[in-house]
Amino acid sequence: MPQRHSKNNNDLAFFTYDEKRKLGYGTQRERLGKDSIKPFDACSLCLKPFISPMSCPKGHVFCKECILECLLAQKKDIIRKQAAHELQKKQDKEEEQDKLAAQRARELDAFDQQNHGAVPQYSNDSRNRNQDKNGFHGANSVKTTSFEEEALRTMKAFWLPSATPEATVKVEAPSSHTTCPEGNEKLKMKSLFPIYLTEDTSEGDRGSLDKIYLCPSCKVTLTNTLTLVAVSSCGHVFCKKCADKFLAVDKVCLECSKGCKGRDLVQLEKGGTGFAGHDEGLVATDFKHLGSGSGLGLVRPSSKV
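What counts and what doesn't
Residues numbered from 1 in each chain as written. Predicted model: local features only at pLDDT ≥ 70, side-chain atom pairs only at ≥ 80, totals over all residues. Heavy atoms only, no water. pLDDT = per-residue confidence, 0-100. Contact = heavy atoms within 4.5 Å. 1 Å grid on protein atoms, 1.4 Å probe; cavity = no way out; pocket = protein on both sides within 12 Å on 5 of 7 lines; lining within 4 Å. Points joined across faces, edges and corners; volume = space filled by probe spheres on them. Nonpolar A, V, L, I, M, F, W, Y, C, P; charged D, E, K, R; others polar. Phe/Tyr/Trp six-rings, centres within 6.5 Å; stacked < 30°, edge-to-face > 60°. Helix = DSSP H or I, 4+ residues; strand = E, 2+ residues; numbered from the N terminus. Buried < 20%, exposed > 50% of the residue type's maximum accessible area, 1.4 Å probe, protein only. Arc of directions from axis to C-beta. Salt bridge = Lys/Arg side-chain N within 4 Å of Asp/Glu carboxyl O.

### A short note on the confidence of the model for the chain
Confidence in the prediction of the chain, expressed as mean pLDDT, is 77, and 70% of residues score 70 or more. Scored below 50 in pLDDT, residues 129-144 shows 31 contacts in the model against residues more than four places distant or in partner chains. Segment residues 292-305 is flagged for pLDDT under 50; beyond a separation of four residues in sequence, or across chains, it makes 25 contacts in the model.

Right, dumping it as structure tokens:
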């Protein structure tokens with residue numbers, strides 16, 4: 001009975017499809033579970049249970065220390081990029097002035113050689129590029145040196161270190177606005193507002209990692225399966241059902257009786273449940289390619305699905 005060579009080792013100079021599949025070659029996709037998804041009470045930066053939580057107008061929740069440190073680091077980076085941009089503008093202006101001065105000098109030399117080309121002249125000016133070793137400005141010597149300089153200046157010979165072209169690195173003008181690290185929209189410190197969740201204290205004291213939060217209106221335990229709404233004017237958090245039924249109608253917070261408007265209701269972002277999530281990127285992908293001399297080769301992350 002003939003063997004199935006595609007399923008066994010062989011002496012081929014390439015990997016078969018089954019061998020690549022067993023080695024994990026190609027794009028590997030896996031559905032994310034609950035353990036791989038950030039819970040609603042975790043910071044979007046440090047991924048730990050938040051301390052003194054603050055939310056942006058788009059509903060991304062961060063620890064107060066994490067988001068302030070992030071915004072300050074962005075401001076320092078903007079200042080550094082602006083300084084580099086200003087320095088490059090100054091260098092470009094100086095280079096343009098040098099080019100204009102060199103062009104003006106070449107025009108004067110050309111005019112001088114056209115009118116006094118047959119008369120030898122002596123000069124001790126070391127900045128004159130067109131003079132020969134003896135200091136003559138004859139027509140023949142000027143033609144030779146200018147031709148050589150022009151040839152060396154325009155020659156694109158990568159094998160000559162002296163004639164290798166240099167790539168200019170341009171620093172673009174940076175944006176002066178700080179951005180949200182989660183949603184990439186413009187974010188200022190004054191637009192952040194603190195949020196307050198109602199903790200369940202019916203079962204005694206719990207650790208900092210075992211806290212359970214409730215909706216202050218319907219007393220339902222808050223999880224990733226619920227959509228949460230925060231009131232930006234006072235910071236209290238409710239489930240979306242109570243927010244649509246009471247807050248949007250009465251225009252008053254149910255916890256502190258403070259007035260609120262429709263624009264003050266901010267829907268908080270959540271990580272999903274890992275099961276039947278809609279409009280959630282719950283599929284992780286990795287692309288593996290076989291490296292030389294290594295079993296599984298190198299692993300690099302592919303684009304998100």
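### Here's the deal with empty space enclosed by the protein
Overall, the coordinates contain 2 cavities of 30 Å³ or more when judged by the stated rule. Its volume calculated, the largest cavity comes out at about 40 Å³. Here the lining of the largest cavity is built from residues that sort into 7 nonpolar, no polar and 2 charged. Approximately 30 Å³ is the volume attributed to the second largest cavity. Taken together, Phe40, Leu226, Thr227, Leu228, Leu268, Glu269 and Lys270 form the lining of the second largest cavity. Of the residues contributing to the lining of the second largest cavity, the split by class is 4 nonpolar, 1 polar and 2 charged.

### So, the packing of aromatic side chains
Enumeration over the complete set of coordinates arrives at 1 aromatic pair. A centroid spacing of 6.4 Å and a plane angle of 80° characterise the contact between Phe40 and Tyr213, whose relative ring orientation is edge-to-face. With Phe40 in the loop between strand E1 (26-31) and strand E2 (53-55) and Tyr213 in strand E6 (residues 213-214), this residue pair connects regions lying 173 residues apart in the sequence. Accessibility classification places Phe40 together with Tyr213 in one group, the buried group.

### Some points on unusual backbone geometry
The phi dihedral of Ser52 is positive, around 50°, even though this residue is not glycine. If you trace the backbone, Ser52 turns up in the loop between E1 and E2. For Ser52, a relative accessible area of 46% gives the class partly exposed.

### What about helix H4 (residues 240-250)?
Side chains that are three or four residues apart share a direction in an α-helix, a result of its 3.6 residues per turn. Looking at H4, one finds that the buried residues are Cys242, Ala243 and Leu247. Projected down its long axis, H4 shows its buried positions confined to an angular sector of 95°, all on one face. Among the exposed residues of H4, those oriented more than 90 degrees off its buried face are Lys241, Lys245 and Val249. Each element contacted by the buried residues of H4 is listed here: strand E7 (228-231), strand E8 (237-239) and strand E9 (265-267). Where H4 ends, the next residue or the one after it, Lys251, has phi of about 60°, a positive value.

### Quick notes on the pattern of salt bridges
Across all of its chains, the model carries 3 salt bridges by this definition. Lys81 is the partner of Asp77 in a salt bridge, and the nearest nitrogen-oxygen pair spans 3.4 Å. Of this pair, Asp77 and Lys81 both sit in helix H2 (residues 64-116), 4 residues apart, roughly one helical turn. Overall, the relative accessible area of 37% leaves Lys81 in the partly exposed class. One salt bridge in this structure joins Asp244 and Lys240, with 3.5 Å as the shortest N-O distance. Remark: Lys240 and Asp244 occur in helix H4; sequence separation between them is 4 residues, near one turn of the helix. When its relative accessible area of 43% is taken as the criterion, Asp244 is described as partly exposed. On the basis of relative accessible area, Lys240 is assigned to the partly exposed category, the value being 32%.

### A closer look at the environment of Thr221
The topology assignment puts Thr221 in the loop between E6 and E7. Once the C-alpha coordinates of Thr221 and Thr198 are considered, the two residues, 23 residues apart in sequence, prove to be 9.9 Å apart.

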